[in-house]
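Chains, contacts and geometry: an overview
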Amino acid sequence: MMRKTFILLVLSVLFMSMGDTLALALAGQRTPASVTRDIHPASPTVTPETVDLGVLRPGEEATGAFFTNANGAVNPDWFAEAPEGWKAVGENGLPGLVGEAPAPLQVRLHYLKVLIRDEKKYASLNLRMEAVGRSVSVTREVPLGDLREKLQFNYVGGTLQVFVTARLTEMYAFPSLALDMYRLDLGKVRGDSVSQRIQLTSKGIPPLKWKVRVARAEAGEGAFIGRYVSFRRLLTEFPSLLIGQPQEGLELSGNWEKKGGYPAGQGEQSVLSYQFAGTGITLHFWKSPEGGTLSAFLDGQFTDIIDGYGEAPESAEVVISDRLTTGPHILTVVCGDGKVVFEGATISGGQIVKGPRGLVTVFPDSGVTTRETDYVNISVATRGLLPGVYGQNLLFSSNGGDAEVPLFFEVGQDRQVLLPDVHRYLAGSDILLTASPQTETARIQARGYRYGGVAFRLFAPGTPGTTEFYRWFNPNVGDYFYSYNTGDAKRLPGYIYEGPIGNIGTSKLAGTRELYRWVNRKTKHHFYTTDLSGEGMAQKGYQYDAVAGFVK
């Protein structure tokens with residue numbers, strides 16, 4: 001009985017197998033050599049499902065990695081697409097080959113800076129994907145806060161989705177000094193003074209402590225390679241974008257727009273031409289993720305290919321030439337793909353006058369900045385200056401970095417040159433002479449000086465037959481010493497050099513008179529006057545010492 005049951009069971013299995021084969025045959029399919037219930041091929045995998053890059057602040061970047069695995073897949077090819085809505089710099093995706101061992105696809109997210117659009121704040125981002133020696137970069141501006149972007153892997157037979165997340169905040173993790181201008185061009189001055197302001201912000205969470213001062217020429221500070229010309233200033237004075245209308249040597253043609261006040265060339269055949277006179281020229285521009293290539297020509301001859309691309313917006317400069325013959329030249333820059341913003345140019349070969357002490361003043365000259373925006377006001381007193389190009393350097397120092405800001409302006413030939421008055425201030429035997437009392441208000445008030453009127457007039461810088469008239473101060477004695485000969489002060493210990501107060505004649509010039517120096521050898525005080533009799537100072541123990549120079 002058991003044997004019959006076993007035979008019947010075997011026959012049932014055979015009939016079922018024949019039924020499957022017959023069903024496949026009726027369906028028009030080829031009979032398989034062996035029957036497998038799971039007929040779906042294996043699929044590749046990507047892990048982890050989410051890469052969290054944590055909290056990011058402006059200027060920071062973070063990296064993470066996804067790992068691909070063939071997992072027995074027959075066709076291991078895959079293609080990773082960039083997130084939707086991002087702008088590709090080159091290719092829009094990354095091909096790869098999945099092996100049996102996990103292979104990494106690295107993602108690098110760079111938080112470039114905070115932008116303000118329509119009074120809303122956005123994060124400017126650059127995402128870079130790298131695998132098997134190849135890479136793809138994409139950019140996008142997204143609202144601050146939580147970021148969650150989808151990456152899609154395509155392979156034969158399906159797709160896989162993974163995610164990149166981060167938290168984007170507004171503030172830097174460290175103090176960081178940021179200025180809206182790192183070079184100043186005030187143009188041609190038409191009055192007795194000109195002013196400009198620099199916007200100063202802190203991009204960091206801790207407070208930014210900063211100071212600013214004017215560089216001291218006598219200390220070897222503030223050397224110039226040439227005069228800076230701002231294209232932003234030209235567009236401000238001539239707001240027509242100068243397309244077909246050259247002004248001060250600058251002309252644009254093609255497709256241009258303003259970005260932050262500066263000219264931005266968009267796409268191929270946008271051309272910038274700048275005519276200048278000098279022995280060299282350096283071009284200033286900004287690199288950015290949307291930047292492209294530039295072709296530079298000098299006097300019609302090709303000179304260089306300039307790369308305008310950068311993973312983050314950054315100021316850049318390139319020396320076009322520093323060996324030109326003196327005379328007029330034309331720089332032509334032709335834009336390629338992308339968008340490039342042009343800041344200006346530095347022209348070498350011309351004379352730059354540094355001017356007298358007190359020519360440039362800054363207010364405030366120090367501060368503590370947290371999240372607010374501060375402004376540093378720059379004032380230039382140009383009364384009495386001779387025609388020419390003037391330059392000074394502003395030195396910023398802080399716990400979040402330092403910056404040197406060169407400043408330039410021009411006094412035109414059509415201006416009437418005025419001789420600077422030298423004012424006398426007295427506090428007992430302490431006598432202060434200054435051509436710019438407005439810049440020495442703090443000193444005048446602190447030492448209790450009273451005004452004694454105009455003592456004489458000096459000459460403007462650069463006047464033929466004159467040289468700088470220097471001032472030294474001895475705080476222990478309370479005395480000022482003036483001379484155009486720097487060697488005179490070496491025989492007077494305890495005197496501190498304070499710089500020039502103007503120019504003085506070194507010999508008798510037309511319409512000039514002698515400036516006499518008197519000295520009280522007992523009290524070690526000095527007195528300066530154009531009166532040969534010393535204004536009665538002999539009765540106070542003063543003796544005639546020498547002629548200090550020739551003045552008006």
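Predicted model only: the values in this text are computed from it and were never measured.

**Structural notes on the overall build of the chain**
- When helices and strands are counted, the chain shows three helices and 40 strands.
- Put simply, the chain has 552 residues, and 45% of those count as buried.
- Intrachain contacts of the chain at a sequence separation of at least 6 include 67% that bridge at least 24 residues.

**Side note on the packing of aromatic side chains**
- Scanning all chains against the criterion turns up 20 aromatic pairs.
- In textbook terms, an aromatic cluster arises when at least three aromatic residues are bridged by ring pairs, as seen for Phe 469, Phe 473, Tyr 480, Tyr 482 and Tyr 528.
- Over the face of the ring belonging to Phe 163 we find Arg 148, whose NZ or CZ atom lies 3.8 Å from the ring centre.
- Lying over the aromatic face of Phe 473, Arg 443 brings its terminal NZ or CZ to 5.9 Å of the ring centre.

**What to know about the sheet that holds strand β28 (residues 366-369)**
- Pairing is mixed across the open sheet formed by five strands, whose spatial order is β13-β31-β30-β15-β28. For this open sheet the edge positions go to β13 (184-189) and β28, each flanked by a neighbour on one side alone. Between one strand and the next, the sheet's axes are offset by a mean angle of 20 degrees, whatever the strand orientation.
- Pairing of strand β30 (residues 388-398) with strand β31 (residues 403-411), which is carried by nine bridges, proceeds in the antiparallel orientation. Considered in β31, the bridge of Phe 396 is made with Ala 403.

**Describing the sheet that holds strand β25 (residues 328-335)**
- Taken in spatial order, the five strands make up an open sheet running β17-β20-β25-β22-β23, and their pairing is antiparallel. Of all strands in the sheet, those with a lone pairing partner are β17 (250-253) and β23 (301-307), marking the two edges. The mean angle between the axes of side-by-side strands here comes to 20 degrees, regardless of whether they run parallel or antiparallel.
- Across six bridges, the pairing between strand β22 (residues 293-298) and β23 is antiparallel. By the bridge assignment for β23, Thr 293 is matched with Asp 307.

**A few points about the environment of Lys 552**
- Summarising the element assignment, Lys 552 is placed in the segment after β40 (543-551).
- The partly exposed category is assigned to Lys 552, whose relative accessible area is 29%.
- Sequence spacing of Lys 552 and Phe 459 is 93 residues, and the spatial spacing of their C-alpha atoms is 7.9 Å.
- Apart from residues no more than four positions distant in its own chain, Lys 552 is found in contact with Leu 419, Phe 456, Arg 457, Phe 459, Ala 510, Gly 511 and Arg 513.

**Some words on unusual backbone geometry**
- A cis geometry characterises the amide bond from Thr 47 onward to Pro 48, with omega recorded as -10 degrees.
- Between Phe 363 and Pro 364 the backbone carries a cis peptide bond, its omega angle lying at -10 degrees.
- Among the structural elements, Pro 364 can be located in the loop between β27 (360-363) and β28.
- A positive phi is found at Asp 299, a non-glycine position, where the angle reads about 55 degrees.
- Considering the arrangement of structural elements, one finds Asp 299 in the loop between β22 and β23.

**Observations concerning the side chain of Arg 424**
- The topology assignment puts Arg 424 in strand β32 (residues 421-427).
- Note on Arg 424: relative accessible area 10%, which makes it buried.
- Setting aside residues up to four positions removed in sequence, Arg 424 forms contacts with Ile 431, Leu 432, Leu 433, Arg 450, Tyr 451, Gly 452, Gly 453, Ala 455, Phe 527, Tyr 528, Thr 529 and Glu 535.

**Describing the pattern of salt bridges**
- A full pass over the atoms with the stated rule returns 19 salt bridges.
- We note a salt bridge from Arg 521 to Asp 545, for which the minimum N-O separation is 3.7 Å. On the criterion of sequence distance, the pair formed by Arg 521 in the loop between β38 (513-520) and β39 (525-529) and Asp 545 in strand β40 is long-range, its members being 24 residues apart.
- Among the charged side chains, a salt-bridge network with shared partners connects Glu 440, Arg 443, Arg 471 and Glu 498.

**A closer look at the pairing of strand β19 (residues 262-266)**
- Here β19 lies mainly inside the structure; four of its five residues are buried.
- Where strand β18 (residues 256-259) meets β19, four bridges bridge the pair, whose relative direction is antiparallel. Counted as the bridge partner of Glu 257 is Ala 264 from β19.
- Between β18 and β19, which follow one another and run antiparallel, lie two residues, and Gly 260 among them has a positive phi close to 65 degrees.
- Pairing of β19 with strand β26 (residues 339-348), which is carried by three bridges, proceeds in the antiparallel orientation. For Ala 264, the partnering residue across the bridge sits in β26 and is Val 341.

**So, the nonpolar core**
- Core analysis: the biggest nonpolar cluster contains 32 residues, and Ile 378, Leu 394, Phe 396 and Phe 409 have the highest contact counts within it.
- If you tally residues by element for this core, the top one is β31, at five residues.
- Look past the residues within four positions of Phe 409 in its chain and what remains in contact with it is Leu 186, Gly 187, Val 189, Leu 359, Val 380, Thr 382, Leu 385, Gly 388, Val 389 and Tyr 390.
- Core analysis: the second largest hydrophobic core is formed by 30 residues, Val 107, Leu 127, Val 162 and Val 164 among them.

**What about the confidence of the model for the chain?**
- Averaged over all residues, the pLDDT of the chain is 82; the fraction at 70 or higher stands at 84%.
- In the predicted structure, residues 1-40 sits below a pLDDT of 50 and forms four contacts with residues beyond four places in sequence or in another chain.

**A short note on the environment of Arg 323**
- Turning to its location among the elements, Arg 323 is positioned in the loop between β24 (314-321) and β25.
- Taking the C-alpha atoms as reference, Arg 323 lies 6.0 Å from Gly 280; in sequence the two are 43 residues apart.

**Concerning the side chain of Thr 434**
- Its place among the elements puts Thr 434 in strand β33 (residues 430-434).
- From its side chain, Thr 434 meets the backbone nitrogen of Ser 436 in a polar contact 3.1 Å long.

**Considerations on the environment of Gln 392**
- Within the secondary structure, Gln 392 is located in strand β30.
- Separated by 208 residues in the primary sequence, Gln 392 and Leu 184 have C-alpha atoms spaced 9.8 Å apart.
- When near neighbours in sequence (up to four residues on either side) are disregarded, Gln 392 contacts Val 214, Ala 215, Phe 224, Lys 354, Gly 355, Pro 356, Leu 359, Val 360, Val 405, Pro 406 and Leu 407.

How each quantity is defined
- Residues numbered from 1 in each chain as written.
- Predicted model: local features only at pLDDT ≥ 70, side-chain atom pairs only at ≥ 80, totals over all residues.
- Heavy atoms only, no water.
- Helix = DSSP H or I, 4+ residues; strand = E, 2+ residues; numbered from the N terminus.
- Buried < 20%, exposed > 50% of the residue type's maximum accessible area, 1.4 Å probe, protein only.
- Contact = heavy atoms within 4.5 Å.
- Phe/Tyr/Trp six-rings, centres within 6.5 Å; stacked < 30°, edge-to-face > 60°.
- Lys NZ or Arg CZ within 6 Å of the ring centre and 35° of its normal.
- Pairing = 2+ DSSP bridges.
- Axes fitted to C-alpha atoms, helices over the stretch in contact; angles between N-to-C directions.
- Salt bridge = Lys/Arg side-chain N within 4 Å of Asp/Glu carboxyl O.
- Core = buried A, V, L, I, M, F, W, Y, C linked by side-chain atoms within 4.5 Å.
- pLDDT = per-residue confidence, 0-100.
- Polar contact = N/O pair within 3.5 Å; in protein donor to acceptor, adjacent residues only side chain to side chain.

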